[in-house]
Amino acid sequence: MRSKATAIEKYIFLNALSERNQRLFYRTMIDHVEEIMPLVYTPTVGEACKEFAHIFRKPQGFYITPEDRGEMAAIFGNWPEQDIRVIVVTDGERILGLGDLGANGMGISIGKVMLYVACAGINPAQCMPVMLDVGTNNQAIREDPLYLGYPHARVDDETYHALVDEFVQAVQLRFPKALIQFEDFLTPHAFEFLERYGGQVRCFNDDIQGTAAVTLAGIYSSCRITGKQFPDLKIMFLGTGSAAGGIAELVTDAFCAAGLSRQQAQRRLWFVDRKGLVTAAHQNIKPRIKPYAHEHAPCTFVDAIKVIKPDVLIGATGVAGTFDEAVVSAMAAVNERPVIIALSNPTSHTECTAEQAYCWSNGRVIFASGSPFAPVWFGDRLYKPGQGNNAYIFPGIGLGVYASSARLITQSMFLAAAEVLAGIVTEQEIAAGAIYPTLNRVREVSHAIAVAVCRIAVQECLAEAALPENLESYVKSLMYEPDY
């Protein structure tokens, strides 16, 4: 693998290895997770999805098109495994920060399944990547002669919703113990499906809930460095999409758990969009953002930082360079140790780089990002930026749901996951300015989260499995180990 010259060549090699020798692939990935995760998932998976039809070798997932309407339950019977516990599904409309990639988005579902196996030990035979291929409005991709997808524009809303409904129902019929992870859906659809199905079947949306939990964990950890109390924090978001909305809702719940009223909690969160600070006077505020649109005079992004003085700045825009020098300098001016979390993926779309954050804050920033960055020398010190990687959260959630057979996946499970992740960060890592543990401890993190999820499933009367007293040993016994 290391002999390959580019990341995309390494991605192709690793996918070929997973097909040729699955045990060896996962043994290698587990043993070298920090090196290989960025190759099978972000940031390389973004490039892989753009080129998916051109680097395709062999099908690795299940494709559903509008022509399968009325037959999904039957065609699921064609999948070679029947005890499916994890399904990752996308419709390819909002892949990372890259937009509508149609059926090329299958690369996302495949990559997430690999993380479930490597990071939490879900057996690969029990995982299923699914592409809900309802067409694409990306004309260049659709007209590519090598394109593998349904070669039409996206279907109308009525057909689309009927297909999603049938998909969810077919999963309940064919794979009744499976959880469904919705991945990279357009923001309105992401929230809509979470509301529609979240109280009916075991499902969640990683872009909303997984991102929220990993970000909340980073905020918790940052308090150990800054010395600030979590309930006292003010948090500002750049971006009003599904990730930012999901984080705000989970942080609000965390503030409430810490003793604040819901109104007090919401007052501590502020949003900025391309027009500046989102206030109560704004027109057409998204319903999810409305509770955080407070009475305030209009102002620009930088002026909002100067006036509101947020302790934490979170970027979820998908737009590169939006945390420029003026923004980082403003955060450093109002905080001794500013906390900046630039979540957007892939690396080419991140709000700022780690090097920029350290340089513009004179080395005082506590920085984390959605994509990995190499260590940065600033002055005479080496900084190791943290990665707010959802792989710390969703595999453990999946393992906990698998172990407990929880009927539903609740917000309290994600709150617990954030607390567990923050608690696993060692004093040595905190001393080094890290707000996340090293990725080579991700299976330890997933195991601990799974145990916490099992306990919540029992507390909330959601567990359908009979769980033993020693949950730690039981969960460990379920984890797939590709040993030789």
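In the block above lies the structure referred to throughout.
Thresholds applied
Residues numbered from 1 in each chain as written. Predicted model: local features only at pLDDT ≥ 70, side-chain atom pairs only at ≥ 80, totals over all residues. Heavy atoms only, no water. Helix = DSSP H or I, 4+ residues; strand = E, 2+ residues; numbered from the N terminus. Contact = heavy atoms within 4.5 Å. Pairing = 2+ DSSP bridges. Axes fitted to C-alpha atoms, helices over the stretch in contact; angles between N-to-C directions. Buried < 20%, exposed > 50% of the residue type's maximum accessible area, 1.4 Å probe, protein only. Expected span 1.5 Å × (residues − 1). Core = buried A, V, L, I, M, F, W, Y, C linked by side-chain atoms within 4.5 Å.

Engineer: Would you take a moment to explain the side chain of Thr65 for this structure?
Structural biologist: Relative to the assigned elements, Thr65 resides in the loop between strand E1 (62-64) and helix H6 (72-76). Apart from the residues lying within four places of it in its own chain, the contact partners of Thr65 are Asp133, Tyr150 and Leu163.

Engineer: Is there a simple way to think about the sheet that holds strand E10 (residues 339-342) in this case?
Structural biologist: In sheet architecture, strand pairing relies on hydrogen bonds along the backbone and comes in two forms, parallel and antiparallel. An order of E8-E7-E6-E9-E10-E11-E14 is seen for the seven strands of this open sheet, with the pairing classed as mixed. At either end of the open sheet lies a strand with only one pairing partner, and these are strand E8 (276-277) and strand E14 (386-387). Sheet topology places strand E11 (residues 366-369) next to E14; two bridges connect them, and they run parallel. Within E14, the residue paired with Ser369 across the bridge is Gln387. Across the sheet, helix H14 (residues 301-308) lies against strand E6 (235-238), strand E7 (269-273), E8 and strand E9 (312-315), angled at about 175 degrees from E6, the strand it touches most.

Engineer: I keep staring at the environment of Thr215 and nothing clicks. Help me out?
Structural biologist: One can find Thr215 in helix H11 (residues 206-226). Expressed as a C-alpha distance, the spacing of Thr215 and Gly259, which sit 44 residues apart in the sequence, is 20 Å. Once residues lying within four places of it in the same chain are set aside, the contact partners of Thr215 are Ile247, Ile314, Ile341, Leu343 and Tyr436.

Engineer: Looking at this structure, I do not really get the pairing of E6. What am I missing?
Structural biologist: Within a regular strand, the side chains alternate between the two sheet faces. With burial as the criterion, each face of E6 is covered, one bearing Ile235 and Phe237 and the other bearing Met236 and Leu238. Two strands pair when backbone bridges link them, and E6 and E9 are joined in this way by four bridges, in the parallel orientation. Directly across from Met236, in E9, lies its bridge partner Leu313.

Engineer: Can you walk me through helix H20 (residues 442-459) in this structure?
Structural biologist: Note that an α-helix has 3.6 residues per turn; residues three or four places apart therefore point the same way. Look at H20: 26 Å from first C-alpha to last across 18 residues, which is about the 26 Å you get at 1.5 Å a residue. The buried count for H20 comes to 13 of 18 residues, which makes it a mostly enclosed element. With its phi angle positive at about 55 degrees, Cys461 sits one or two positions after the end of H20.

Engineer: I keep staring at the nonpolar core and nothing clicks. Help me out?
Structural biologist: What tends to happen in soluble globular proteins is that the nonpolar side chains get buried as a cluster. Membership of the largest hydrophobic core comes to 119 residues, with the highest contact counts inside it found for Ile235, Ile393 and Ile397. Those residues in contact with Ile397 that lie beyond four places of it in its chain are Phe204, Ile409, Met413, Phe414, Ala417, Ile449 and Val453. Residues Val155, Phe167, Ile180 and Phe185 belong to the second largest nonpolar core, which totals 34 residues.

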